[in-house]
Amino acid sequence: MFDYRFYSTHDTEKLISLDEYISRMKPDQDTILYLPGDSKDAILKSPILKKYQKSGYEVLLLGDPIDEFCVQHLSEYEKRKVKSIAKDDVNILDGSDEISKKKLQKLKEMYKPLTEWFKKHLGKEVEKVTISNKLEDDPVYILTSQYGYSAQMEKINRAQAFANQEKAASYMLAKKTLELNPHHPVIKEMLTRVKGAMGGEIDESVKEYAILLYMSLIHI
């Protein structure tokens, strides 16, 4: 029996078990959700957390490095999947009805010029760029692949690697997906600028702002 306890968005001051979490899950929810970070307070400020809270999903707050070490190989508990909302394979907010799916697909098509330009501009920095329905107020967020390290584990391993210069190049990098919030005014304006270039040279201010958005995330 897994008896490790965590803080959660349900009560940020009380440690709970996975069984307690399951007792409060939505009837159609099949996944135990968690978010790792440097500390509980830092996690609570994460842009990716807001939409889940607004939608009524409880999220476990893994503010200690040992927390993610304990959970990262726990893919299932009591027939429920266990996933980090910082990974790109969590689609619980996508909606299972046809209207939600068609709406998301339409947004992806609409923003294709921008997502393709972002991927070309950032190059190997990201594995892919896509439209997100997981963001409430922020323009962009970086998720990591369901396979390999999370961004938090990369940060921990990178710190350990650079503490030992002989191993500094050996840490594993997380595969990053940049997600864009199609409802944010900055992203809307960037789409307009990219489409307006019509295959010509993109304004330097757009290029600089794209890099600024990306760099602000990887240094959080």
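Throughout what follows, the structure given in this document is the object of discussion. Quantities reported herein were computed from a predicted structural model and do not represent experimental measurements.

1. Concerning the sheet that holds strand 4 (residues 76-77)
Overall, mixed pairing links the five strands, which are arranged 1-3-2-5-4 in an open sheet. Single-partner strands in this sheet number two, and they are strand 1 (7-8) and strand 4. Note that strand 1 and strand 3 (residues 60-62) share two bridges and pair antiparallel. From the neighbouring strand, Y7 faces strand 3, where its bridge partner is L61.

2. Some details on the side chain of E58
Among the secondary structure elements, E58 is positioned in the loop between helix 3 (47-54) and strand 3. A polar contact is formed between the side chain of E58 and the side chain of R24, at a distance of 2.9 Å.

3. Section: the environment of D89
Mapping D89 onto the fold places it in the loop between strand 5 (80-84) and helix 5 (98-110). Each C-alpha atom, one on D89 and one on L143, is 9.2 Å from the other, the two residues being 54 residues apart in sequence. D89 has contacts with K83 and Q146, leaving out every residue within four places of it along the chain.

4. Some thoughts on the nonpolar core
Y52, L114, F118 and L178 are the most contacted members of the largest nonpolar core, which has 55 residues in total. Sort the elements by how many residues they give to this core and helix 9 (residues 204-218) lands first, with five residues. When neighbours within four sequence positions are excluded, Y52 is seen to be in contact with L33, Y57, V59, I85, V90, I92, L93 and K134.

5. Regarding the packing of aromatic side chains
Within this structure, the stated rule accounts for two aromatic pairs. Look at W117 and F118: their rings are 5.4 Å apart centre to centre, the planes differ by 70 degrees, and that puts the pair in the edge-to-face class. The exposure class assigned to F118 is buried, which follows from its relative accessible area of 0%. Taking the ring centre of Y57 as reference, the NZ or CZ of K26 above it sits at 4.2 Å. The side chain of K40 reaches across the aromatic face of Y7, ending 4.1 Å from its centre.

6. Structural notes on unusual backbone geometry
Unusually for a residue other than glycine, E78 sits at a positive phi of about 50 degrees. Relative accessible area serves as the criterion here: at 49%, E78 is assigned to the partly exposed category. Residue K79 is not a glycine yet carries a positive backbone phi of 65 degrees. Mapped onto the secondary structure, K79 falls in the loop between strand 4 and strand 5. The exposure class assigned to K79 is exposed, which follows from its relative accessible area of 77%.

The rules behind these values
- Residues numbered from 1 in each chain as written.
- Predicted model: local features only at pLDDT ≥ 70, side-chain atom pairs only at ≥ 80, totals over all residues.
- Heavy atoms only, no water.
- Pairing = 2+ DSSP bridges.
- Helix = DSSP H or I, 4+ residues; strand = E, 2+ residues; numbered from the N terminus.
- Polar contact = N/O pair within 3.5 Å; in protein donor to acceptor, adjacent residues only side chain to side chain.
- Contact = heavy atoms within 4.5 Å.
- Core = buried A, V, L, I, M, F, W, Y, C linked by side-chain atoms within 4.5 Å.
- Buried < 20%, exposed > 50% of the residue type's maximum accessible area, 1.4 Å probe, protein only.
- Phe/Tyr/Trp six-rings, centres within 6.5 Å; stacked < 30°, edge-to-face > 60°.
- Lys NZ or Arg CZ within 6 Å of the ring centre and 35° of its normal.

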